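# Breakdown of the fold
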Amino acid sequence: MKEPVMHFDGPVWRPPYEATSQLLQVTAGCTWHRCKFCTLYGKQRFRMSPMSEIEADLKVIHQFQPRARRFFLTGANPFVLTVNRLTDIALLIRKYVGEGQPTIGCFARITDVSKKSVEELRQLHHLGFDYLTIGVESGDSDTLARVNKGYTSDDILEQCSKLDEAGIRYNFFYLVGLAGKGCGERNALRSADVFNKLHPVSIGFLSLTLFPESQLYQEIGEGLYEEASEYERIDEMMCLIGHLTCKTHILARTVSNPIPFTGSLPTDRQLLIDDLRNVKERLSEEQLRSYRDSIKSL
């Protein structure tokens, strides 16, 4: 008898903290697909999964993972879907889950939130949407424009304030080194100013790692962009951690981080800064760069 196979098209990514969540594809690819640094989805075009595919996958989950309660919807930004579509998906998940209300997470772009009112966001929260993951990358409008993120720091403030009002919790990813050589402190200070006005549950640190397929990598060869050194990146992280006043968790345990670390703010602020300072004392710039150059995939 042939085993049932779930529908997954192309690369599938999830945050580290969603490791125990049940993955469910509702979209594939990215609606924006223009960030100069990103190669995560290759040439894959954005696609919405038909409801028939989603239901077929839920039947498989119900058969093999009947205790699943946390679902992570895959794709670069499933939250771009309309409120009606997300509502239908949430109700379908409930249909195939036993006792207990499931919760639902996914990646989201700031622009995805802008298409939804606070009342609509409250409705989605009532249906289980919580702990969204947003790759803001930076809170500095100059940096965001430089890498073509498609929104500004004011947009981050406006849209995440709506999530706060609706009760939907969210996590940020911050891309260390994105501003380029000599601009890390500016990027950190401006980002801290934005993040401190919001309530991210966590801020995940990723360190910019460029591959030849990215536009930013090409700009290095053309002399249009210069990468921040590894020591500059450490200084940027220390600066951001030192100026964050919001209560949040710092997560830096992905392959892009030569030295993984985690902690809570404000409790672990000095501990985190001291650990990062010690990295500069123990490891040379060359050792840290050698590690980055060895990364084959994120």
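That block above? That's the structure.
Here's what I pulled together on the structure shown here. (Residues numbered from 1 in each chain as written. Predicted model: local features only at pLDDT ≥ 70, side-chain atom pairs only at ≥ 80, totals over all residues. Heavy atoms only, no water.)

## Section: the state of the cysteines
Convention followed: Whenever a pair of cysteine sulfur atoms sits within 2.5 Å, that pair is classed as a disulfide.
For the coordinates displayed, the defined rule picks out zero disulfides. We note that Cys 30 lacks a disulfide partner, and the nearest cysteine sulfur, in Cys 35, lies 6.6 Å from it. Cysteine Cys 239 is unpaired, with the sulfur of Cys 183 as its nearest cysteine sulfur at 13 Å.

## A closer look at the packing of helix 7 (residues 184–195) against helix 9 (residues 230–243)
As a reminder of what qualifies: Axis angles are defined between N-to-C directions and span 0 to 180 degrees, where every axis is a line fitted to C-alpha atoms and, for a helix, only to the segment in contact. Strands are runs of DSSP state E lasting at least two residues, helices are runs of H or I lasting at least four, and both sets are numbered from the N terminus onward. The labels follow the angle: roughly parallel below 35 degrees, roughly antiparallel above 145, roughly perpendicular from 65 to 115, and oblique for the rest. A crossing counts as left-handed when the near helix is turned anticlockwise from the far one by less than a right angle, and as right-handed when that turn is clockwise. Only heavy atoms enter the contact rule, under which two residues are in contact if any of them lie within 4.5 Å. Throughout this entry, Asp, Glu, Lys and Arg are counted as charged residues, while Ala, Val, Leu, Ile, Met, Phe, Trp, Tyr, Cys and Pro are counted as nonpolar. The remaining residues, Gly among them, count as polar.
Relative orientation of the contacting elements helix 7 and helix 9 amounts to 25°, with a least axis distance of 8 Å. Viewed along their axes, helix 7 and helix 9 adopt a mutual orientation that is roughly parallel. Here helix 7 and helix 9 pass one another in a crossing that is right-handed. Mapping the contact onto sequence places Gly 184, Glu 185, Asn 187, Ala 188, Leu 189, Ser 191 and Ala 192 in helix 7 and Glu 236, Cys 239, Leu 240 and His 243 in helix 9. Its residues assigned to classes, the contact of helix 7 with helix 9 shows five nonpolar, four polar and two charged.

## A short note on the side chain of Arg 233
Cut-off, in case you're wondering: In the analysis that follows, any N or O atom pair within 3.5 Å is treated as a polar contact, provided that within protein one partner can donate a hydrogen and the other can accept it, and provided that, for residues neighboring in sequence, both atoms belong to side chains.
Here Arg 233 lies in helix 9. Among the polar contacts made by the side chain of Arg 233, one reaches the main-chain carbonyl oxygen of Leu 208 at a distance of 2.6 Å. Among all residues touching Arg 233, those that are not within four sequence positions of it are Val 176, Gly 177, Ser 207, Leu 208, Glu 227, Ala 228, Arg 289 and Arg 292.

## What to know about the nonpolar core
Heads up, the condition is: For our purposes a nonpolar core is just a set of buried Ala, Val, Leu, Ile, Met, Phe, Trp, Tyr and Cys residues, chained together by side-chain atoms within 4.5 Å. Per-residue accessibility, obtained with a 1.4 Å probe over protein chains only, is compared with the maximum for each type, and a residue is labelled buried under 20%, exposed over 50%, and partly exposed between these values.
Counting 67 residues, the largest nonpolar core has Phe 79, Ile 156, Phe 172 and Phe 205 as the members making the most contacts within it. Every residue in contact with Ile 156, bar those within four places of it in the chain, is listed here: Ile 110, Val 136, Ser 138, Gly 139, Leu 144, Tyr 151, Ser 161, Phe 172, Val 194 and Leu 198. Residues Trp 32, Cys 35, Phe 37 and Leu 178 belong to the second largest nonpolar core, which totals 15 residues.

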